[in-house]
Protein chains: 2
Amino acid sequence: MSPPPIWLMRQAGRYLPEYRAVREVAGGFLNLCYDPEKAADVTLQPLRRFGFDAAILFSDILVIPHALGQDVTFEAGEGPRLEPIRDADGLGKLSMDNLHQSLGPIYETVKRVSADLPDGAALIGFAGAPWTVATYIVEGSGSRDYPNAKAWALGNPDGFQVLVDMLVNATTEYLLRQVAAGAEALQLFDTWAGVLPKYAFDRFSAEPIREIARRIKAEYPDIPIIAFPRGANLYLPEMAKAPEIDAIGIDYAVDPVWAAREIQPHATVQGNFDPILLLAGGDQLERRAVEIVEALSGGPHVFNLGHGILPQTPLEHVERLVKAVRG
Amino acid sequence: MSPPPIWLMRQAGRYLPEYRAVREVAGGFLNLCYDPEKAADVTLQPLRRFGFDAAILFSDILVIPHALGQDVTFEAGEGPRLEPIRDADGLGKLSMDNLHQSLGPIYETVKRVSADLPDGAALIGFAGAPWTVATYIVEGSGSRDYPNAKAWALGNPDGFQVLVDMLVNATTEYLLRQVAAGAEALQLFDTWAGVLPKYAFDRFSAEPIREIARRIKAEYPDIPIIAFPRGANLYLPEMAKAPEIDAIGIDYAVDPVWAAREIQPHATVQGNFDPILLLAGGDQLERRAVEIVEALSGGPHVFNLGHGILPQTPLEHVERLVKAVRG
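It should be emphasised that the depicted structure is a prediction, and the values quoted were computed from it without experimental measurement. (Residues numbered from 1 in each chain as written. Chains lettered and ligands numbered in written order. Predicted model: local features only at pLDDT ≥ 70, side-chain atom pairs only at ≥ 80, totals over all residues.)

In this structure, what is going on with the overall build of chain A? I would like to understand it.
A count of helical and extended segments in chain A gives 15 helices and 9 strands. Here chain A has a C-alpha radius of gyration of 19 Å; the compact-globule value for 327 residues is 20 Å, and the two agree. Its C-alpha atoms give chain A principal-axis dimensions of about 55 × 45 × 35 Å. Burial status across chain A gives 50% buried among its 327 residues. (Helix = DSSP H or I, 4+ residues; strand = E, 2+ residues; numbered from the N terminus. Rg over C-alpha atoms; globule rule 2.2 N^0.38 Å. Buried ≥ 20, exposed ≤ 12 C-beta atoms within 10 Å, placed from the backbone.)

This is the structure:
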């Protein structure tokens, strides 16, 4: 059997010395996202070093709130800070008027990567899913329990829907332009999908992802859409059955044997090696990588991590992982 | 149909003015846990105010590492701080020698609560499950990704097993004494069970919980054991089928309709109202509470939250919830 394709979430990142070198001279993190030359360079760095089968656009999910007019900054070592928006009045500050102007440099990055992509590699575009982007818009930062976003979504669902609809529109526009610029597949990251009760997951995670996918397929019927509603593991089979969803990202907590049975009949499975094991190394690294490859060998599988690669990860562990997967 | 019994996780806590009054004069948080008179008082406060059907011992999961000899402190507003233990050498600092001496005041609290319990109410004892307690022992604090605990557990499982075995022993001893002092049911909280790959969940979350339950049932065959492996939702049916597990706690992300079908045939279901909705109020409060009651009405159900009650929760929202559940 031929090995699955492999790429790693956050493969263009701080564990790479060549990334740190570019990052150092780029100014702030958002500056790097909006600098097509440097962003294209860091997007391609991990392919040059490890020969991964896919490049994923180097960008951030918070370029969407930024393009909608929200103040977004990244403080070193502290993560993002946004001017929080917590009610209908606050939504008045957001506007689609400058969307493409703000996101233009990112489309240019996609074009450059597409032109320089190694033979046989695919270029994946991406965006944050509306629920996860909304949590940042509402909380103003990363959060453990999302009290404000959840209180709004659960307590006043019709009011919260206005924000989600706005994000569906903006995200669709953004992704359509990525495809026009050369993206060959699209991933929607719903990192905080797992914190919603089922009724709210259906309305604010699954349905917006599906709506974006449907609108993109109306223009580009053949573009594969990868949904990664992290932590919403009970509801992955239902999402896999949606005709507009082609692949499902699975996090490290998902049993690959279960995923082979419940997801692979309906969608490609992407995941789910634990990035902590890639950091730790030891003989478990190869053992668990091979376990995942074997569990998912009976259907379509893209090898990946179950969460982003950690900045302290040794390069030689990544090399060992690629070797273990390719056999 | 008769309404389900109801109690709320962290029902003895900061949302109650009478709790805050005791807390203020108790000195540090651990002092309150080790003061039988005050701890018994705060344990019973929510029953006096709301007439809940169960009292849960007021204590903390970190009394176990403390009793094993680890330095544990609680800084106001910062959560717990422990002197982290990250390898086999560090384990040498832990010892069972003073376990019961350190935990003695807690057994005394259980006795007092048991003597003063309102008619018809049950007294639930509890402990942290080994995996979750181990994350605190290893990280030295709360953590988002548990990098050190997971690196040890996944990278060197046999070494990590030594710590888990120690916690199984200590926790069993602790819970047996709680039963001897008057606890009528026991809950094991595995708050971070959801961050483990399946093979590690089986070994370090499910099996230790089951082993503790088996040892307790060897002495007290009729004591109900409630397991709450939070976030490990795909694996709840398997745990529900374990003969030594009587009830399963479900968090807010679990669809109660799914739980009725997959868990209730094997175990009582406890949960899963979202504490954010109890904070937010509005007409969704009653609607979603009734939805849970109805979904789980065909089998054994204990109404509860899907996570601990939040400190800012208004008292009148709790009153509304109790009324909605009792009809």
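Quick question: what am I supposed to make of the sheet that holds strand β1 (residues 54–56) of chain B here?
In sheet architecture, strand pairing relies on hydrogen bonds along the backbone and comes in two forms, parallel and antiparallel. Residues and elements named next belong to chain B. The parallel open sheet is built from 7 strands, whose spatial order is β1-β4-β5-β6-β7-β8-β9. Strand pairing shows two members of the sheet lacking a second neighbour, β1 and β9 (301–305), which therefore form its edges. Each strand of the sheet is rotated relative to its neighbour by a mean of 25°, with strand direction disregarded. Here strand β4 (residues 122–128) pairs with strand β5 (residues 185–190) via 5 bridges, running parallel. Bridge pairing in β5 links G128 to F189. (Pairing = 2+ DSSP bridges. Axes fitted to C-alpha atoms, helices over the stretch in contact; angles between N-to-C directions.)

Quick question: what am I supposed to make of the relation of the copies chain A and chain B here?
Two copies of the chain are present, and they differ by a rotation about an axis and a shift along that axis. For these two chains of identical sequence, chain A goes onto chain B by a turn of 180° and a shift of 0.0 Å along the axis, with RMSD 0.0 Å. Here the two chains are linked by the operation of a two-fold rotation axis. It is L234(A) whose C-alpha, among those of chain A, lies nearest the rotation axis, at 3.0 Å. (Least-squares fit on C-alpha atoms with pLDDT ≥ 70 in both.)

What's the story with the packing of helix α3 (residues 36–50) of chain B against helix α6 (residues 99–116) of chain B in this structure? I'm lost.
If you want to describe how two helices pack, look at the angle between their axes and the distance between the axes. All names here are of chain B. In contact at an axis separation of 8 Å, α3 and α6 are set at 45° when each is read in the N-to-C sense. One way to sum up the angle between α3 and α6 is to call them oblique. The two elements α3 and α6 cross, and the hand of that crossing is right-handed. Between α3, through P36, A39, A40, T43 and L44, and α6, the contact on the second element is made entirely by P105, E108, T109, R112, V113 and D116. (Parallel < 35°, antiparallel > 145°, perpendicular 65-115°, else oblique. Left-handed = near helix turned anticlockwise from the far one by under 90°. Contact = placed C-beta atoms within 7 Å.)

Would you explain the interface of chain A and chain B in this entry?
One widely used convention gives an interface's size as the accessible area the parts lose upon coming together. Listed per partner, the contact involves 26 residues of chain A and 26 residues of chain B. The set of elements that each furnish at least two residues to the side of chain A that touches chain B consists of α8 (147–155) and α13 (275–280) of chain A. A per-element tally of the side of chain A that touches chain B places α8(A) first, with 5 residues. When its residues are assigned to classes, the side of chain A that touches chain B shows 15 nonpolar, 7 polar and 4 charged. (Nonpolar A, V, L, I, M, F, W, Y, C, P; charged D, E, K, R; others polar.)

I'm lost on the sheet that holds strand β9 (residues 301–305) of chain A in this one. Help?
All names here are of chain A. Strand order in the open sheet made by the 7 strands is β1-β4-β5-β6-β7-β8-β9, with parallel pairing throughout. Each of the sheet's edge strands pairs with one partner strand only, and the pair in question is β1 (54–56) and β9. Across this sheet, the average inter-strand angle for adjacent strands is 25°, counted without regard to direction. Summarising the sheet, β1 and strand β4 (residues 122–128) pair through 3 bridges and their orientation is parallel. Residue pairing across strands places A55 opposite L123, the latter belonging to β4.

Looking at this structure, how should I read helix α14 (residues 284–295) of chain B?
Within an α-helix, residues lying three or four positions from one another point in the same direction, as the helix has 3.6 residues per turn. Residues and elements named next belong to chain B. With 12 residues, α14 should cover 16 Å at 1.5 Å per step; its first-to-last C-alpha distance of 16 Å lies within 8% of that length. Among the residues of α14, L285, R288, A289, I292 and V293 are the ones counted as buried. Around the axis of α14, the buried residues are gathered within 140° of arc, so they sit on the same side. On the buried face of α14, the contacting elements are α12 (256–262), β8 (268–273), α13 (275–280), β9 and α15 (315–326). (Expected span 1.5 Å × (residues − 1). Arc of directions from axis to C-beta.)

Explain the packing of helix α7 (residues 130–139) of chain B against helix α9 (residues 157–181) of chain B to me, please; I cannot follow it from the model alone.
Residues and elements named next belong to chain B. Put simply, α7 and α9 touch, their axes get as near as 9 Å, and they point 120° apart. As α7 runs across α9, the sense of the crossing is right-handed. Side by side, α7 and α9 meet where P130, V133, A134 and I137 of the first sit next to L163, V164, L167, V168 and T171 of the second. Considering only residue class, the contact of α7 with α9 consists of 8 nonpolar, 1 polar and no charged.

Can you help me understand the environment of Y136(B) in this one?
Residues and elements named next belong to chain B. Topologically, Y136 is positioned in helix α7. C-beta crowding within 10 Å serves as the criterion here: with 27 such atoms nearby, Y136 is assigned to the buried category. Setting aside residues no more than four positions away along its own chain, Y136 makes contact with L62, P65, P80 and L82.

How should I be thinking about the nonpolar core in this particular structure?
Considering soluble globular proteins, one finds that nonpolar side chains tend to be buried as a cluster. Core analysis: the largest hydrophobic core is formed by 228 residues, its most contacted members being I64(A), I248(A), I64(B) and I248(B). Non-local contacts of I248(A), meaning those with residues more than four positions away in its chain, are made with A227(A), L236(A), M239(A), A240(A), I263(A), A267(A), V269(A) and Q270(A). (Core = buried A, V, L, I, M, F, W, Y, C linked by C-beta atoms within 7 Å.)

I keep staring at the environment of A213(B) and nothing clicks. Help me out?
Residues and elements named next belong to chain B. Structurally, A213 is set in helix α10 (residues 198–219). For A213, a count of 24 C-beta atoms within 10 Å gives the class buried. A C-alpha to C-alpha distance of 9.4 Å links A213 and I223, two positions 10 residues apart in sequence. When residues no more than four places from it in sequence are discounted, the contact partners of A213 are I225, E244 and I245.

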